[in-house]
Amino acid sequence: MRAAPLLAGLALLAAAACARAPDKPAFNAARAVDAIRASEVQWNADWKSGDPGKVVTHFAPDAIVMIPGQAPATGLEAIRSGIAKVMDDPAFAFTFNSEKVNVAASGDLAASRGDFTMRGTDPATKAPTSMSGSFVTVYKPQPDGSWKAVWDIATPGASPPVSPSAAK
């Protein structure tokens, strides 16, 4: 009769091995796109607020921001410092518009691309400046379910054409 407990134990082990973990709900890419777009609407409002702390909330802790003419800013403190510096300029204004948001089928990455406009004051000449261009922002989902920027990369647009009268 010693075989009965052994067989019962083996049967339980076999049943446990065959048991599947509950199925994870299917990833909903459309819902992720909607969440990112809503976050970007808020992000634009946060830029208008003039509060660097609000802007930084859209970045993951290990994010990297790459802006033309500047060294990459890595991590929230470096990003916050750079944002605070440009927001100190009373003439500063920044807006962006994403044209497309793509989300990986796996749900582990998303990318947004579009255009931006930034205005401010040249620190050396005190003259008004303006730059527009394109951006790509890569997002990752966070443990709380939100999507945060991990790479934010901007590139200036082409210089406007020089008019014939200005070339003289």
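Calculation criteria
- Residues numbered from 1 in each chain as written.
- Predicted model: local features only at pLDDT ≥ 70, side-chain atom pairs only at ≥ 80, totals over all residues.
- Heavy atoms only, no water.
- Helix = DSSP H or I, 4+ residues; strand = E, 2+ residues; numbered from the N terminus.
- Buried < 20%, exposed > 50% of the residue type's maximum accessible area, 1.4 Å probe, protein only.
- Contact = heavy atoms within 4.5 Å.
- Areas by Shrake-Rupley, 256 points an atom, 1.4 Å probe, with all protein chains shown as cover.
- Salt bridge = Lys/Arg side-chain N within 4 Å of Asp/Glu carboxyl O.
- Patch = residues over 30% accessible without salt bridge, like charges linked within 9 Å, V, L, I, M, F, W, Y side chains within 5 Å.
- pLDDT = per-residue confidence, 0-100.
- Phe/Tyr/Trp six-rings, centres within 6.5 Å; stacked < 30°, edge-to-face > 60°.

## Focus on the overall build of the protein
Then, in step 1: Counting secondary structure elements, the protein contains four helices and six strands.
Then, in step 2: Its helices and strands in sequence order give the protein the pattern α-α-α-β-β-α-β-β-β-β, from N to C terminus.
Then, in step 3: Looking at the protein as a whole, 27% of its 168 residues qualify as buried.
Then, in step 4: Contacts in the protein between residues far apart in sequence, at least 24 positions, make up 52% of those at least 6 positions apart.
Then, in step 5: About 11,100 Å² of surface is accessible on the protein, with carbon and sulfur atoms providing 62% of the total.

## Brief notes about the pattern of salt bridges
Then, in step 1: This structure, assessed with the given rule, holds two salt bridges.
Then, in step 2: Linking arginine 80 and glutamate 77 is a salt bridge whose minimum nitrogen-to-oxygen distance equals 3.8 Å. You can see arginine 80 and its partner glutamate 77 sitting in helix α4 (residues 76-87), three residues apart, about one turn around the helix.
Then, in step 3: Among the salt bridges present, the one from arginine 113 reaches glutamate 99, with a minimum N-O distance of 3.4 Å. Here glutamate 99 lies in strand β3 (residues 93-103) and arginine 113 lies in strand β4 (residues 110-121), a separation of 14 residues in the sequence.
Then, in step 4: Take arginine 113: its relative accessible area is 42%, and that puts it in the partly exposed class.

## What to know about a nonpolar patch on the surface
Then, in step 1: Together, Met66, Val136, Trp151 and Ile153 make up a nonpolar patch on the protein surface, roughly 320 Å² of accessible area in all.
Then, in step 2: Tracing the chain through its elements places valine 136 in strand β5 (residues 128-141).
Then, in step 3: Judged by its relative accessible area of 36%, valine 136 is partly exposed.

## A word on the confidence of the model for the protein
Then, in step 1: The predicted model of the protein averages 86 in pLDDT, with 80% of residues at 70 or higher.
Then, in step 2: Element-level pLDDT for the protein is lowest in helix α1 (residues 3-18), with a mean of 54, against a maximum mean of 98 in helix α3 (residues 52-56).

## Side note on the packing of aromatic side chains
Then, in step 1: All chains considered together, the criterion is met by seven aromatic pairs.
Then, in step 2: Centre to centre, the rings of tryptophan 43 and phenylalanine 96 are 5.5 Å apart; their planes meet at 80°, and the pair counts as edge-to-face. A residue pair is termed long-range when its members are at least 10 positions apart, and tryptophan 43 in helix α2 (residues 29-49) and phenylalanine 96 in strand β3 qualify at 53 residues. With respect to class, tryptophan 43 is no different from phenylalanine 96; both count as buried.
Then, in step 3: Between tryptophan 47 and phenylalanine 94, the aromatic rings sit 4.6 Å apart at their centres with planes inclined by 50°, giving tilted as the arrangement. Of this pair, tryptophan 47 sits in helix α2 while phenylalanine 94 sits in strand β3, and the two are 47 residues apart along the sequence. The exposure classification of tryptophan 47 matches that of phenylalanine 94, with both residues buried.
Then, in step 4: Aromatic rings pair up to connect Trp43, Trp47, Phe59, Phe92, Phe94, Phe96, Phe116 and Phe135 into one cluster.

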